[in-house]
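Overview (structure and organization)
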Amino acid sequence: ETGVTQTPRHLVMGMTNKKSLKCEQHLGHNAMYWYKQSAKKPLELMFVYNFKEQTENNSVPSRFSPECPNSSHLFLHLHTLQPEDSALYLCASSPGQGPNTEAFFGQGTRLTVV
Amino acid sequence: DAKTTQPTSMDCAEGRAANLPCNHSTISGNEYVYWYRQIHSQGPQYIIHGLKNNETNEMASLIITEDRKSSTLILPHATLRDTAVYYCIVRVVASYGKLTFGQGTILTVHP
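Residues numbered from 1 in each chain as written. Chains lettered and ligands numbered in written order. Predicted model: local features only at pLDDT ≥ 70, side-chain atom pairs only at ≥ 80, totals over all residues. Heavy atoms only, no water.

1. Remarks on the overall build of chain A
So the rule is basically this: The way it works is that DSSP assigns letters per residue, a run of H or I at least four long becomes a helix, a run of E at least two long becomes a strand, and they are numbered from the N terminus. With the radius of gyration taken over C-alpha atoms, the globule rule is written as 2.2 Å times the number of residues to the power 0.38. The classification of residues rests on relative accessible area computed with a 1.4 Å probe and restricted to protein chains. Under 20% of the type maximum is buried, over 50% is exposed, and intermediate values are partly exposed. Working rule for contacts: check all heavy atoms of both residues, and any pair within 4.5 Å makes them a contact. For the accessible areas, the method is Shrake-Rupley and the probe is 1.4 Å, while residue cover comes only from the protein chains on display.
The helix and strand tally for chain A stands at 0 helices and 11 strands. Ordering the α and β elements of chain A from the N terminus gives β-β-β-β-β-β-β-β-β-β-β. The C-alpha atoms of chain A give 13 Å as radius of gyration, which agrees with the globular expectation for 114 residues (13 Å, within 12%). When burial is assessed residue by residue, chain A has 47% of its 114 residues classed as buried. Look at the contacts in chain A between residues 6 or more apart in sequence, and 52% of them connect residues 24 or more apart. Accessible area for chain A stands at about 5,400 Å²; split by element, carbon and sulfur atoms hold 50% of it.

Here it is in structure tokens:
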């Protein structure tokens with residue numbers, strides 16, 4: 001148990017559906033992240049939030065819409081996805097700047113787009 | 001962040017030490033070396049990090065060469081549960097917890 005909880009763990013959705021992934025941490029961390037891991041590929045950073053403000057968007061398509069209402073919660077809203085968006089979506093959090101800012105990851109949401 | 005090079009896969013016998021190498025020849029003075037691992041279909045787990053001195057914690061030891069161009073992660077007594085993908089990551093201190101993952105090394109510990 002890392003202190004970062006993601007729900008749901010598994011999600012199957014059609015291309016016309018709208019769904020949301022949820023991430024929650026009560027570690028007192030100020031930074032939260034979304035990563036995507038497609039089959040046979042390295043983890044890719046999608047979004048970074050610091051103190052609820054988005055500080056990085058790595059050219060992610062607009063069909064992925066993040067939301068960070070407070071420092072403890074992070075959402076990823078999904079709409080009109082494509083089958084190639086099927087992947088493991090991982091949330092992480094970290095304390096902030098400095099060398100001792102290791103990231104803690106959730107267990108991920110396994111998303112399948114049909 | 002500096003690029004890292006790791007072997008694609010390694011094997012280790014249970015109970016023996018696992019030594020995982022990583023090359024980071026373009027590392028800058030303000031970049032740390034981090035190691036994470038990912039057990040199948042789970043989120044990555046932090047192992048250890050260091051700047052230039054060798055480091056040890058309850059999970060592993062990190063040996064960084066004097067020129068900082070390479071490092072070795074040592075799992076002193078590997079168990080079957082240590083089978084995972086191990087990632088060596090170099091990152092600037094001020095980049096928060098943002099991590100750039102490569103392909104990593106698939107470590108298989110066998111009985």
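On we go.
2. What to know about the overall build of chain B
Note the following rule: Only four residue types enter the tally: Lys and Arg on the positive side, Asp and Glu on the negative side; His and the chain ends are excluded. Taken as the charge centre is NZ of Lys, CZ of Arg, CG of Asp or CD of Glu, depending on the residue.
Along its length, chain B carries 0 helices and 9 strands. Shown N-terminal to C-terminal, the secondary structure of chain B runs as helices and strands in the order β-β-β-β-β-β-β-β-β. What you see for chain B is a C-alpha radius of gyration of 13 Å, in line with the 13 Å of a compact globule of 111 residues. When the 111 residues of chain B are sorted by exposure, 45% land in the buried category. Counting only contacts in chain B whose residues sit at least 6 apart along the sequence, the fraction spanning at least 24 positions is 57%. Per element, the accessible surface of chain B, about 5,500 Å² overall, is 50% carbon and sulfur. Side-chain charges in chain B split into 9 positive and 9 negative, and the spacing between the mean points of these groups amounts to 4 Å.

3. Observations concerning the packing of aromatic side chains
The condition that has to hold: Stacked, tilted and edge-to-face pairs are distinguished by plane angle, under 30 degrees for stacked and over 60 for edge-to-face with tilted covering the rest, among Phe, Tyr and Trp rings (Trp via its six-membered ring) whose centres lie within 6.5 Å.
The final tally for this structure, using the stated rule, is 10 aromatic pairs over all chains. Seen in terms of ring centroids, Tyr35 of chain A and Phe105 of chain A are 5.4 Å apart; in terms of plane orientation they differ by 50 degrees. Their pairing is tilted. With Tyr35 of chain A in strand 4 (residues 31–37) and Phe105 of chain A in strand 10 (residues 104–105), this residue pair connects regions lying 70 residues apart in the sequence. Judged by its relative accessible area of 0%, Tyr35 of chain A is buried. What makes Phe105 of chain A buried here is its relative accessible area of 1%. Here the aromatic rings of Tyr35 of chain A and Phe101 of chain B are separated by 5.9 Å at their centres, their planes lie at 85 degrees, and the arrangement is edge-to-face.

4. Digging into the nonpolar core
Selection criterion: Definition used in this section: a nonpolar core is a set of buried Ala, Val, Leu, Ile, Met, Phe, Trp, Tyr and Cys residues joined via side-chain atoms within 4.5 Å.
In this structure, Trp34, Phe64, Leu76 and Leu78 of chain A are the most contacted members of the largest nonpolar core, which totals 22 residues. For this core, the elements supplying multiple residues, two or more each, are strand 2 (10–13), strand 3 (18–25), strand 4, strand 5 (44–50), strand 7 (64–70), strand 8 (73–79), strand 9 (87–94) and strand 11 (109–113) of chain A. Look past the residues within four positions of Phe64 of chain A in its chain and what remains in contact with it is Met46, Phe47, Leu76, His77, Leu78, Leu81, Asp85 and Tyr89 of chain A. Core analysis: the second largest hydrophobic core is formed by 21 residues, Leu73, Leu75, Tyr86 and Leu107 of chain B among them.

5. As for the sheet that holds strand 1 (residues 4–7) of chain A
What holds strands together in a sheet is hydrogen bonding between their backbones, with the strands either parallel or antiparallel. Residue and element names in this part refer to chain A. Under the convention used in this document: Any two strands with at least two DSSP bridges between them are considered paired. Between N-to-C directions, angles cover 0 to 180 degrees, with each direction set by a line fitted to C-alpha atoms, over the stretch in contact for helices.
Read across the sheet, 4 strands follow the order 1-3-8-7 without closing on themselves; strand pairing throughout is antiparallel. In this open sheet, the two edge strands, each paired with only one partner strand, are strand 1 and strand 7. Sheet twist, expressed as the average angle between the axes of neighbouring strands with direction ignored, equals 20 degrees. Sheet topology note: the strand 1/strand 3 ladder contains 4 bridges and is antiparallel. Among the inter-strand pairings, Gln6 is bridged to a residue of strand 3, identified as Cys23.

Function cannot be inferred from these measures alone, as they are strictly geometric.
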